[in-house]
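Structural description and commentary
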Amino acid sequence: GAGVSQSPRYKVAKRGQDVALRCDPISGHVSLFWYQQALGQGPEFLTYFQNEAQLDKSGLPSDRFFAERPEGSVSTLKIQRTQQEDSAVYLCASSLASFQTSGNTIYFGEGSWLTVV
Amino acid sequence: GIQVEQSPPDLILQEGANSTLRCNFSDSVNNLQWFHQNPWGQLINLFYIPSGTKQNGRLSATTVATERYSLLYISSSQTTDSGVYFCAVDGGGATNKLIFGTGTLLAVQP
């Protein structure tokens, strides 16, 4: 597709349930990011991939959060044993190269809205 | 870590008015971007502007890196400009993560 695609768009999970959120980046984009956005806040960094390598996972809030990008394209963010504080929008973004390249543009998906009840 | 603050926190304009949004950051940066998040949640990149001035239609941005601030100008505002405007900077060093500011919520009334 022309943009970053995320699924599901909306997910309601019962507390304790595992969820998996999928991201299809723009074809050919090397860099892929996951961000978490709570209501009324700015996005907060979770993790970064360069191709299939997860180079930065410093933003993952706990070991219940896991992300992968096994073939360097599609990525999945998995949250185990969901808790109410996990309720947020999860945004995926991609860019052609790393930010160290001047003028690089980052493209965001529409997000996956997760509500934990 | 680096701090990013934006002002004003919210702004109401009449259609056709001009506005200036400000972003202050606490340390030197290699990457600064402005984003617009529309009411449906879609984040759109407006400018990549670690320094200097750029213009795109009714929008322009200026970053004064030595004084650690950036300004986003919106001229002749339209209702479609409504949403949240975020400034984001790189986290420093070799990191590729963006640190987002607190945002400015803009409402343009017809």
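Now for a look at the structure at hand. As the structure is a prediction and not an experimental result, all values here were calculated from the model.

A closer look at the overall build of chain B
Within chain B, the secondary structure is distributed over zero helices and eleven strands. From first element to last, N terminus to C terminus, chain B shows the α and β order β-β-β-β-β-β-β-β-β-β-β. Relative to its length of 110 residues, chain B is compact, with a C-alpha radius of gyration of 13 Å against a globular reference of 13 Å. Its C-alpha atoms give chain B principal-axis dimensions of roughly 45 × 25 × 20 Å. Taking all 110 residues of chain B together, the buried fraction comes to 49%. Here the contacts in chain B between residues at least 6 apart in sequence split such that 55% fall between residues at least 24 apart. When the accessible surface of chain B is totalled, it reaches about 5,100 Å², and 50% of it is carbon and sulfur. Charge centroids of chain B, computed over 5 positive and 7 negative side chains, lie 6 Å from each other.

Notes on the pattern of salt bridges
Residue and element names in this part refer to chain B. Across all of its chains, the model carries six salt bridges over all chains by this definition. Between Arg68 and Asp27 there is a salt bridge, with its nearest N and O atoms 4.0 Å apart. Taken together, the residues span a long stretch of sequence, with Arg68 in the loop between strand S7 (59–64) and strand S8 (69–74) and Asp27 in the loop between strand S3 (19–25) and strand S4 (32–37) at a distance of 41 residues.

Remarks on the state of the cysteines
All names here are of chain A. Considering all chains together, one arrives at two disulfides over all chains under this definition. The disulfide bridge from Cys23 ends at Cys92, spanning 1.9 Å between sulfur atoms. Torsion about the S-S bond of the Cys23 and Cys92 cystine: about -70°, corresponding to left-handed handedness. One end of the pair, Cys23, is in strand S3 (residues 19–24); the other, Cys92, is in strand S9 (residues 88–95), and 69 residues separate them in sequence. You can call Cys23 buried: its relative accessible area is 0%.

Observations regarding the interface of chain A and chain B
With 23 residues of chain A at the interface, the matching set in chain B holds 18 residues. Applying the counting rule to chain A against chain B returns three residue pairs in polar contact (both at pLDDT 80 or more). Counting residues per element, the ones that place at least two in the side of chain A that touches chain B are strand S4 (31–37), strand S5 (44–50) and strand S10 (106–108) of chain A. With three residues, the top contributor of residues to the side of chain A that touches chain B is S4(A). Along the lines of polarity and charge, the residues of the side of chain A that touches chain B split into ten nonpolar, eleven polar and two charged.

As for unusual backbone geometry
Residue A:Pro8 is reached from A:Ser7 by a cis peptide bond, and omega for that bond is -5°. Structurally, A:Pro8 can be placed in the loop between strand S1 (5–7) and strand S2 (10–13). In this chain, B:Ser7 is followed by B:Pro8 through a cis amide linkage whose omega measures -10°. Residue position: B:Pro8 is located in the loop between strand S1 (4–7) and strand S2 (10–14). Its identity as a non-glycine residue notwithstanding, A:Asn51 has a phi of 55°, on the positive side. Notably, B:Arg68 is not glycine yet its phi reads approximately 60°, a positive angle. Owing to a relative accessible area of 35%, B:Arg68 belongs among the partly exposed residues under this scheme.

Quick look at the pairing of strand S6 (residues 52–56) of chain B
Within S6(B), only zero of the five residues are buried, which leaves it mostly out in the open. Between S6(B) and S7(B), which pair antiparallel and follow one another directly, the connecting turn spans two residues, one of which, B:Gly57, has a positive phi of 65°.

Describing the environment of B:Asn18
All names here are of chain B. One can find Asn18 in the loop between S2 and S3. Beyond its immediate sequence surroundings of up to four residues, Asn18 is in contact with Leu13, Ile74, Ser75 and Ser76. Of the polar contacts made by the side chain of Asn18, one reaches the backbone nitrogen of Ser76; its length is 2.8 Å.

Cut-off values and rules
Residues numbered from 1 in each chain as written. Chains lettered and ligands numbered in written order. Predicted model: local features only at pLDDT ≥ 70, side-chain atom pairs only at ≥ 80, totals over all residues. Heavy atoms only, no water. Helix = DSSP H or I, 4+ residues; strand = E, 2+ residues; numbered from the N terminus. Rg over C-alpha atoms; globule rule 2.2 N^0.38 Å. Buried < 20%, exposed > 50% of the residue type's maximum accessible area, 1.4 Å probe, protein only. Contact = heavy atoms within 4.5 Å. Areas by Shrake-Rupley, 256 points an atom, 1.4 Å probe, with all protein chains shown as cover. Lys, Arg positive; Asp, Glu negative; His and termini not counted. Charge placed at Lys NZ, Arg CZ, Asp CG, Glu CD. Salt bridge = Lys/Arg side-chain N within 4 Å of Asp/Glu carboxyl O. Disulfide = S-S within 2.5 Å. Polar contact = N/O pair within 3.5 Å; in protein donor to acceptor, adjacent residues only side chain to side chain. Nonpolar A, V, L, I, M, F, W, Y, C, P; charged D, E, K, R; others polar. Pairing = 2+ DSSP bridges.

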